[in-house]
Amino acid sequence: MRFAGSFMPDQINILVIDDEQIMREGCTRILSKDGWAVICAENGTKGLEEIKAQSEKIDVILLDLMMPGMSGMEVLDHVRTIDPTLLVIVITGYATVESAVEAMKKGAYDFIPKPFTPDQLRIVVKRALEKRTLQKEAEFLRREREKSLRDIATEKSKIKTIINCMGDGVLVCDRDGCIVLSNPAVSRMLKISESSLLGNFLPQCNLHSELANTIQESLATPDKNYTSVSQELSIGESGEIFLRAHTAPVRNDLGETMGSVTVLQDISHLKELDKMKSEFIAMVTHELRAPIAAVEQQLTVILNKMAGDVTEKQEQLLSRAKERTKGLLDLIKDLLDLSKIEAGKIVQYKEPLNLQEVIQKVVDLMRAQAENKKIDLQFSPSSQISLIHADRNSMEGIFTNLISNAIKYTPEGRTVFVQLGEEGGFVKASVSDTGIGIKKEDLSRIFDKFYRVKSSETRQIVQIVGTGLGLSIVKSIVDAHLGSISVESEEGGGTTFTVLLPKESNPSICVGEKS
Amino acid sequence: MPKKILIVDDDPDLVEAVTMILESKNYEVAAAYGGIEGLQKAKTENPDLIVLDVMMPDKDGYVVCKELKADPKLNKIPILLLTAVISKIATSRYTQQMGLETEADDYIDKPVEPEVLVKRIEMLLAK
């Protein structure tokens, strides 16, 4: 590859301005050998015309200083005004240092004294062309940089516009907890003016205390697994605005925390709808429950022959009718539970709780049910378990449901394991059955309301009577405790439900999903 | 002399069914079909025990219970609350919302199996 490189055009053009035909022809002959194109002009005026016509194309000019008419010095002056970057090599006839120095002062790049050998000419021209390459390279880089800076500025302005137009709030803190970015949505949602947020440190800006804690936590935590936290906040004295806040630390390539980003979503309308739905369910179920309870009470009285004798056939029919009313009442009870949880009513009495005691109590209560099916119900408690912050009744409900399910789905003579331990900031409880397992396609929907795994096997092995609400209630309760529940199962190999509940001592770190 | 039990429930069908259960066990039964009527009959009927529904339109069971326990002439009468919702939740909710401790002596979910009802009543009467 020739030194011209990528910044030089494929064809290099050299302009020779000299009044002597021999010189013009000589230069043309020598320079053409290297593949360069030579343009000739026999005087200064014509030379300048060429330059004006195609200054972009001309790479180097060879200029004779001593010419009739316009002198080389004059031509040089004009060239400098046309394009100061053009490289001019002056040819000095008398080998006088003075004229060469003067030309250089005027901006000529180099000079070559007459007479010269072809090699001397080539060396001088090559050097000029190298300079030309560097010049073009520098020019190219300068343009690139300008373009990049422009791009960055555009990008910045674009991002700023996007963030400001967003309906969701965006709040960014630096690593010292100083707020460096806050969009109008944040001010609207938190009811704090932008000026009292921007540039202020977290404790100064009257932020929702739970949110401030979470942000501090995300800045402080050295745990690399700590990625994002999601929490619900209620804003305003009457709690009319509900926000969901996602907070995540920003880390550099070394894994150091550089700051944190919080995105706020207004979920008030969802909460409102949810509340209406729950109230509706509660109303309907109460209205439904009373008459069904009365019907069942009447059936009970008849079946107990308190209203006179009952034939065998009548007893049969009425017993079945009673089973049906019982099923309805169970469904209503589950619906009520769910609507209460969703209305935030059940899980309001959180206290420091020893989960070991709770589970032990449930296990003791469930033992009779297990023994009926000859199932070995094993509970292996851990020696020291941290307290959790939870509602006792709800916790009993969760584990009654999970253990009762496990017993239901485990064939006679096998084992159900209940385990308790700790994992990070969480107390971890798991219930494993050795039953039929759950199909993959069912696993993802298992916590949905009214979802029941249906298969010929479940019908045969276990007579499952239920409403399909149990697990969704369990999940609602776990969610209300800022914990998580997961399920692992192998078809035919049993199922394990694992519940993680935040430890009492450390409530702020456990507000939601850790992924 | 049979013991006298006052049933307070706004649902006449339920009152009838419970009456039949109790009469079959030789209790004397008086019925009231609302909270206000229940309070009156507690005074006039002189019952040995009151079976009290919680959700009633005119005056709910908790309020009736509180008024009974506040009355020095009536506060010795044991009260069995009959709830249509899971008893634990019903009472804890009430405690939370009203800031009141219910003073009922026992709770039972309806519908109720006759032998359970009778046993609980016997236990309360034996106290």
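No experiment lies behind these values; they were computed from the predicted model shown.

1. A short note on the overall build of chain A
Looking only at helices and strands, one finds 14 helices and 17 strands in chain A. When each of the 515 residues of chain A is scored for burial, the buried share is 43%. Sequence-distant contacts, at least 24 apart, represent 62% of the contacts inside chain A between residues at least 6 apart.

2. Some remarks on the overall build of chain B
Regarding its fold elements, chain B presents five helices and five strands. Tracing chain B from N to C terminus, the helices and strands come up as β-α-β-α-β-α-β-α-β-α. For chain B, buried positions account for 51% of its 127 residues. Of the contacts made within chain B by residues no fewer than 6 positions apart, 67% connect residues no fewer than 24 positions apart. Only carbon and sulfur atoms are counted for the fraction: they give 51% of the accessible area of chain B, which is about 6100 Å².

3. Some remarks on the sheet that holds strand β2 (residues 37-41) of chain A
Residue and element names in this part refer to chain A. Reading across from one edge, β2-β1-β3-β4-β5 is the order of the five strands in this open sheet, with parallel pairing throughout. For this open sheet the edge positions go to β2 and β5 (110-113), each flanked by a neighbour on one side alone. In this sheet, adjacent strand axes meet at a mean angle of 20° when their direction is disregarded. As paired strands, strand β1 (residues 13-17) and strand β3 (residues 58-64) are joined by five bridges and run parallel to one another. If you follow Leu-15 over to β3, its bridge partner there is Ile-61. Its contacts with the sheet place helix α1 (residues 21-32) against β1, β2, β3 and β4 (87-92), and it is angled at close to 170° to β2. Together, β1, β3, β4 and β5 form the strand contacts of helix α5 (residues 118-165), whose direction differs from that of β3 by roughly 140°.

4. Looking at the pattern of salt bridges
Residue and element names in this part refer to chain A. The final tally for this structure, using the stated rule, is 30 salt bridges over all chains. Lys-361 is the partner of Glu-396 in a salt bridge, and the nearest nitrogen-oxygen pair spans 2.9 Å. Of this pair, Glu-396 sits in helix α11 (residues 392-409) while Lys-361 sits in helix α10 (residues 355-372); the two residues are 35 residues apart in sequence, bridging distant segments of the chain. The exposure class assigned to Lys-361 is partly exposed, which follows from its relative accessible area of 43%.

5. Some details on the side chain of Thr-92 of chain A
All names here are of chain A. Among the secondary structure elements, Thr-92 is positioned in strand β4. For Thr-92, a relative accessible area of 3% puts it in the buried group. For Thr-92, the residues in contact, after removing those within four places along its chain, are Leu-65, Ser-99, Ala-100, Phe-111, Ile-112, Pro-113 and Lys-114.

6. Regarding the sheet that holds strand β5 (residues 106-109) of chain B
As a general point, the strands of a sheet are linked pairwise by backbone hydrogen bonds and lie either parallel or antiparallel. Residues and elements named next belong to chain B. Spatially, β2-β1-β3-β4-β5 is the arrangement adopted by the five strands of the open sheet, whose pairing is parallel. Each end of this open sheet is capped by a strand with a single partner; those strands are β2 (28-32) and β5. Each strand of the sheet is rotated relative to its neighbour by a mean of 20°, with strand direction disregarded. Pairing analysis gives four bridges linking strand β4 (residues 79-83) to β5, with the strands arranged parallel. Opposite Thr-83, over in β5, you have Asp-109 as the bridge partner.

7. So, the nonpolar core
Ranked by internal contacts, the top residues of the largest apolar core, which has 41 residues, are Leu-355, Ile-359, Met-395, Phe-399, Leu-402 and Ile-403 of chain A. Those residues in contact with Phe-399 of chain A that lie beyond four places of it in its chain are Leu-355, Ile-359, Val-362, Ser-404, Ala-429 and Val-431 of chain A. Within the second largest apolar cluster, 24 residues are counted, among which are Ile-5, Val-15, Ile-21 and Leu-22 of chain B.

8. Observations concerning the packing of α11 of chain A against helix α14 (residues 470-480) of chain A
Two measures define how a pair of helices packs: the angle their axes make with one another and the distance between the axes. All names here are of chain A. It is at 10 Å that the axes of α11 and α14 come closest, and there the two elements cross at 145°. Between α11 and α14 lies a crossing whose hand is left-handed. Of α14, the residues touching α11 (which contributes Ser-394, Met-395, Ile-398, Asn-401, Leu-402 and Asn-405) are Gly-470, Leu-471, Val-474, Ile-477 and Val-478. By residue class, the composition of the contact of α11 with α14 is seven nonpolar, four polar and no charged.

9. Examining α10 of chain A
All names here are of chain A. Taking 1.5 Å per residue as the helical rise, α10 with its 18 residues ought to reach 26 Å, and the 26 Å between its terminal C-alpha atoms agrees with that figure. Maximal helix bending in α10 amounts to about 40°, located at Met-366. Among the residues of α10, Leu-355, Val-358, Ile-359, Val-362, Val-363, Met-366 and Ala-370 are the ones counted as buried. Looking at the residues trailing α10, positive phi occurs at Lys-374, about 55°.

10. Points about α14 of chain A
Residue and element names in this part refer to chain A. In terms of burial, α14 is largely enclosed, as eight of its eleven residues are buried. Taken together, the buried positions of α14 are Gly-470, Leu-471, Ser-472, Ile-473, Val-474, Ser-476, Ile-477 and Val-478. Of the residues trailing α14, Leu-482 is marked for its positive phi of about 60°.

11. Some thoughts on the confidence of the model for chain B
Detailed reading of the predicted coordinates is not advisable wherever pLDDT falls low. Residues and elements named next belong to chain B. Summary statistics for chain B give a mean pLDDT of 84 and a share of 85% for residues scoring 70 or more. Note that pLDDT drops below 50 for residues 86-100; the model gives that stretch 32 contacts with residues more than four away or on any other chain. This prediction of the complex comes with two scores: 0.45 for pTM and 0.83 for ipTM.

12. Regarding a nonpolar patch on the surface
A cluster of nonpolar side chains, Phe-280, Met-283, Val-284 and Leu-288 of chain A, forms an exposed patch at the surface whose accessible area comes to about 360 Å². Under the relative-accessibility criterion, Leu-288 of chain A is labelled partly exposed at 41%.

13. What to know about the packing of helix α1 (residues 12-24) of chain B against helix α5 (residues 114-126) of chain B
All names here are of chain B. For the pair α1 and α5, interaxial distance at closest approach is 10 Å and the crossing angle is 65°. In terms of their interaxial angle, α1 and α5 are classed as roughly perpendicular. The hand of the α1/α5 crossing is right-handed. Mapping the contact onto sequence places Val-18, Ile-21 and Leu-22 in α1 and Pro-114, Leu-117, Val-118 and Ile-121 in α5.

14. Notes on the confidence of the model for chain A
All names here are of chain A. Summary statistics for chain A give a mean pLDDT of 82 and a share of 87% for residues scoring 70 or more. Mean pLDDT across the elements of chain A bottoms out in helix α13 (residues 456-461) (44) and peaks in strand β6 (residues 169-174) (93). This stretch, residues 456-465, has a pLDDT under 50; its non-local contacts, to residues over four places away or in other chains, come to 14 contacts.

15. What about the pairing of strand β8 (residues 229-235) of chain A?
All names here are of chain A. In terms of residue burial, β8 counts as a mostly covered element, since five of its seven residues are buried. Examined bridge by bridge, β8 and strand β9 (residues 241-251) share seven bridges and lie antiparallel to one another. Within β9, the residue paired with Ser-234 across the bridge is Phe-242.

16. Some thoughts on unusual backbone geometry
Between Lys-114 of chain A and Pro-115 of chain A the backbone carries a cis peptide bond, its omega angle lying at -5°. Here the phi dihedral of Lys-191 of chain A falls at roughly 55°; this positive angle occurs in a residue that is not glycine. By secondary structure assignment, the location of Lys-191 of chain A is in the loop between α6 (184-190) and α7 (209-220). Within the chain, Asn-46 of chain B stands out as a residue other than glycine whose phi angle is a positive 55°. One can find Asn-46 of chain B in the loop between α2 (35-44) and β3 (49-53).

Conventions adopted
- Residues numbered from 1 in each chain as written.
- Chains lettered and ligands numbered in written order.
- Predicted model: local features only at pLDDT ≥ 70, side-chain atom pairs only at ≥ 80, totals over all residues.
- Heavy atoms only, no water.
- Helix = DSSP H or I, 4+ residues; strand = E, 2+ residues; numbered from the N terminus.
- Buried < 20%, exposed > 50% of the residue type's maximum accessible area, 1.4 Å probe, protein only.
- Contact = heavy atoms within 4.5 Å.
- Areas by Shrake-Rupley, 256 points an atom, 1.4 Å probe, with all protein chains shown as cover.
- Pairing = 2+ DSSP bridges.
- Axes fitted to C-alpha atoms, helices over the stretch in contact; angles between N-to-C directions.
- Salt bridge = Lys/Arg side-chain N within 4 Å of Asp/Glu carboxyl O.
- Core = buried A, V, L, I, M, F, W, Y, C linked by side-chain atoms within 4.5 Å.
- Left-handed = near helix turned anticlockwise from the far one by under 90°.
- Nonpolar A, V, L, I, M, F, W, Y, C, P; charged D, E, K, R; others polar.
- Expected span 1.5 Å × (residues − 1).
- Bend = angle between axes of the 7 residues up to and from the residue.
- pLDDT = per-residue confidence, 0-100.
- Patch = residues over 30% accessible without salt bridge, like charges linked within 9 Å, V, L, I, M, F, W, Y side chains within 5 Å.
- Parallel < 35°, antiparallel > 145°, perpendicular 65-115°, else oblique.

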